[in-house]
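Inside the fold
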Amino acid sequence: MSSQIIDQFAADLDGEVRTSVRSGSAAGTDKRHKVLFEDFPEADRMRELAGKVKQHTLDHLDKYLEQAEAALKANGAKVHFAWDAKAACDEVEAILRQSNAKTVTKSKSMVSEEVGLNDSLAERGFDVVETDLGEFILQLDGDHPSHVVKPIIHKNRSEIARTFEKHGLGEYNDEPETITRRARQFMRKKYLQAEATITGANFVSAESGRMCVVTNEGNSRFGLAGSRVHIALVGIEKIVPRDIDLSLLLNLLGRSATGQALTVYTEFIAGPKAEGAVSGPEEFHVVFVNNRRTEVLASNCREILRCIRCGACMNVCPVYRQASGHAYRSVYPGPLGAVLSPLLAGAEGFPELADLPKASSLCGACNEVCPVDIPIPDLLLKLRDRGKQEHNAQAAADTPPMGAWAWVAQSPALWRASLKSANMLNLLPYEKIPFGPLGRWTRDRTLPAWRGGKFRSWAKNRKKAAK
Ligand code: SF4
């Protein structure tokens, strides 16, 4: 029996990183609870409704995708479809080449991480600058996000100050104001140089083709103001049927993500720059990315595509808080990632990530906080079952051998005898005994003292007393 990769990752995690992840995620959970339920006493009914809206869209995605395409084109956008990660990068490259764009500003977009856009564009000779402060720091460090909303949740300010110093952005100074000012000064030049800007999209209304992008730093707005070309990379699941659905989803998104009533910059993009407008891109391209989403849609875990990337499930997850986002070895961490990543990996990639659905205590907290009511624990169980059916080695890692227990539990006489003698277990020096596969477990953990048999004698005595 091999150990679970995520357990090993958590055991090896640096103490400073664990502290940063714990405090960052706990703060998100506390704020969410306060703001969501103070503003909306019936928040749980809103979550249910939002889940229904998203599920309805997914159930009729072909129709809404066509409608969104038509509406976007009517607004003057050029619409492209990318079947997989490579096609998405190729589409972006083709648009950039066609418009002679070399320098590109980019705001935060998880789908661009998913398709490996930055590396791909860098290899093809483009200068791409991340403009979200967290993503910019990760880009300097050659690191990856470990949270969908707070990408640098695993870093503290002294580490960031050292990164800035190393990359020539001033002497060591870990004051947040100084760090922010230096990043702004660097980016200001890039905003002025950039010929194109790349964004994601939080939602696209099929009714109007209006696209909604939220940021807390206004960086996507700056990118749009200075560039000739705007490319939006959008997962096909980001569509909602009507504009009015946005009010429900935006009210839930900000509160669930950061405990804000509304994300500071909530932009609605209806098309390229209107005639006579002072600023804004002349070209607006939307690249809808599939990258196995239709496979997920056809699976028994399709509800995961309702996700609006708020990060609430990772903030509340006890496993995420211990292990951090990089332990999930994929773009999407936490409970969301434990479901979505093995699915997006496809049949050939699933075996590599089949241990992720086991990275959960199944406490249900992720389902309770999810603004679109995704039954994450149920989906984790379905994927665990898939791993078992496929005889996957990763899925079997650290699974206790239950055969002996089942054998004893099926015989009342053996069960009674084992309960009677179980007190003896308290006398064993667990940490010293080479227990085979269980040895690794007992080496790092203590077992609670066995106090078995009490319930059965209590029930027996109760029965006697009742007679
Ligand atoms: S699964 Fe739910 S809680 Fe987790 S990021 Fe997605 S929407 Fe938020």
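Conventions used here
Residues numbered from 1 in each chain as written. Predicted model: local features only at pLDDT ≥ 70, side-chain atom pairs only at ≥ 80, totals over all residues. Heavy atoms only, no water. Helix = DSSP H or I, 4+ residues; strand = E, 2+ residues; numbered from the N terminus. Buried < 20%, exposed > 50% of the residue type's maximum accessible area, 1.4 Å probe, protein only. Areas by Shrake-Rupley, 256 points an atom, 1.4 Å probe, with all protein chains shown as cover. Patch = residues over 30% accessible without salt bridge, like charges linked within 9 Å, V, L, I, M, F, W, Y side chains within 5 Å. Salt bridge = Lys/Arg side-chain N within 4 Å of Asp/Glu carboxyl O. Lys, Arg positive; Asp, Glu negative; His and termini not counted. Charge placed at Lys NZ, Arg CZ, Asp CG, Glu CD. Near = heavy atom within 4 Å. 1 Å grid on protein atoms, 1.4 Å probe; cavity = no way out; pocket = protein on both sides within 12 Å on 5 of 7 lines; lining within 4 Å. Sits in = over half its atoms within 2 Å of the grid points. Nonpolar A, V, L, I, M, F, W, Y, C, P; charged D, E, K, R; others polar. Pairing = 2+ DSSP bridges. Axes fitted to C-alpha atoms, helices over the stretch in contact; angles between N-to-C directions. Core = buried A, V, L, I, M, F, W, Y, C linked by side-chain atoms within 4.5 Å. Domains from an automatic or database assignment. Contact = heavy atoms within 4.5 Å. Points joined across faces, edges and corners; volume = space filled by probe spheres on them. Phe/Tyr/Trp six-rings, centres within 6.5 Å; stacked < 30°, edge-to-face > 60°. Lys NZ or Arg CZ within 6 Å of the ring centre and 35° of its normal. Polar contact = N/O pair within 3.5 Å; in protein donor to acceptor, adjacent residues only side chain to side chain.

In the nomenclature of an unreviewed UniProt entry, the protein is known as Iron-sulfur cluster-binding protein of Puniceicoccus vermicola.

This brings us to the overall build of the protein. If you tally the helices and strands in the protein, you get 24 helices and 10 strands. Taking the principal axes of the C-alpha coordinates as reference, the protein spans close to 90 × 55 × 45 Å. Put simply, the protein has 467 residues, and 50% of those count as buried. With an accessible surface of roughly 22,800 Å², the protein has 55% of that area assigned to carbon and sulfur atoms.

Taken together, the side chains of Arg416, Lys420, Arg456, Lys460, Lys463, Lys464 and Lys467 make up a positively charged region of the molecular surface. Among the elements of the structure, helix H22 (412-421) and helix H24 (454-466) are those that each provide at least two residues to the positive patch. Looking at the positive patch, the element that brings in the most residues is H24, giving 4 residues. Turning to its location among the elements, Lys464 is positioned in helix H24. A relative accessible area of 59% places Lys464 in the exposed class.

As a further point, take the site of the ligand. Within the structure, the ligand sits among Cys307, Ile308, Arg309, Cys310, Gly311, Cys313, Cys370, Pro371, Val372, Ile374 and Ile376. When atoms are counted within 2 Å of each cavity's grid points, the one that captures over half of the ligand is the largest cavity. Residues of the shell around the ligand, tallied by class, amount to 9 nonpolar, 1 polar and 1 charged.

Taking strand neighbours across the sheet as the criterion, the 6 strands line up as E1-E10-E7-E4-E2-E3 in an open arrangement whose pairing is parallel. Bordering the open sheet on either side are strand E1 (78-82) and strand E3 (127-130), each of which pairs with just one other strand. Taken pair by pair, the neighbouring strands of this sheet meet at an average axis angle of 20°, ignoring direction. Sheet analysis places strand E7 (residues 229-235) next to strand E10 (residues 283-289), joined by 7 bridges and oriented parallel. When the bridges of E10 are listed, Val229 appears paired with Glu283.

Attention shifts here to a nonpolar patch on the surface. On the surface, Leu425, Leu428 and Trp450 cluster together to form a nonpolar patch covering roughly 230 Å² of accessible area. Along the chain, Trp450 turns up in the loop between helix H23 (439-444) and H24. Judged by relative accessible area, which is 32%, Trp450 ranks as partly exposed.

All right, on to the pairing of strand E6 (residues 211-215) then. Of all the 5 residues making up E6, 5 are buried; the element is thus mostly covered by neighbouring parts of the structure. Here E6 shows two buried faces, one formed by Met211, Val213 and Thr215 and the other by Cys212 and Val214. Taken together, the 5 bridges between E6 and strand E9 (residues 265-269) define a ladder with antiparallel strand orientation. Directly across from Cys212, in E9, lies its bridge partner Phe268.

Here we come to the nonpolar core. In terms of nonpolar packing, the biggest core is built from 88 residues, with Phe203, Phe288, Ile304, Tyr328 and Leu336 touching the most fellow members. Among the elements that make up this core, the one with the highest residue count is helix H12 (residues 244-258) (7 residues). Of the domains in this structure, domain 1 (5-10 + 295-396) and domain 2 (40-291) are the two that each give at least three residues to this core. The residues touching Ile304, leaving out its near neighbours within four places in the chain, are Val296, Leu336, Val339, Leu340, Leu343, Ile374 and Leu379. With 21 residues, the next largest nonpolar core counts Ile95, Ala101, Val229 and Ile231 among its residues.

Bringing unusual backbone geometry into the picture now. Its identity as a non-glycine residue notwithstanding, Arg309 has a phi of 55°, on the positive side. Relative to the helices and strands, Arg309 resides in the loop between helix H13 (293-298) and helix H14 (312-316). Relative accessible area serves as the criterion here: at 11%, Arg309 is assigned to the buried category.

What follows deals with empty space enclosed by the protein. Applying the stated criterion across every chain yields a total of 2 cavities of 30 Å³ or more. Reported here for the largest cavity is a volume of approximately 100 Å³. Residue contributions to the lining of the largest cavity peak at 3 residues, all from H14. Each residue belonging to the lining of the largest cavity can be placed in one class, and the counts come to 14 nonpolar, 1 polar and 1 charged.

The next thing to look at is the packing of aromatic side chains. For the structure shown, the criterion picks out 6 aromatic pairs. When the centroid spacing of 5.2 Å and the interplanar angle of 35° are considered together, the rings of Phe136 and Phe186 count as tilted. Of this pair, Phe136 sits in helix H8 (residues 133-141) while Phe186 sits in helix H10 (residues 176-193); the two residues are 50 residues apart in sequence, bridging distant segments of the chain. When its relative accessible area of 29% is taken as the criterion, Phe186 is described as partly exposed. Grouping aromatic residues by their ring pairs yields a cluster made of Phe136, Phe164 and Phe186. Directly above the aromatic system of Phe126 lies the positively charged group of Lys102, at a separation of 5.7 Å from the ring centroid.

To continue, consider the environment of Leu414. Examined against the element boundaries, Leu414 turns out to sit in helix H22. Its relative accessible area of 32% is what places Leu414 among the partly exposed residues. Those residues within four positions of Leu414 in sequence are excluded, and the remaining contacts are Trp407 and Val408.

Positionally, Ser158 belongs in helix H9 (residues 157-166). Side-chain polar atoms of Ser158 contact the side chain of Asn156, separated by 3.1 Å. Discounting residues that sit within four places of it in the chain, Ser158 has contacts with Tyr172 and Asp174.

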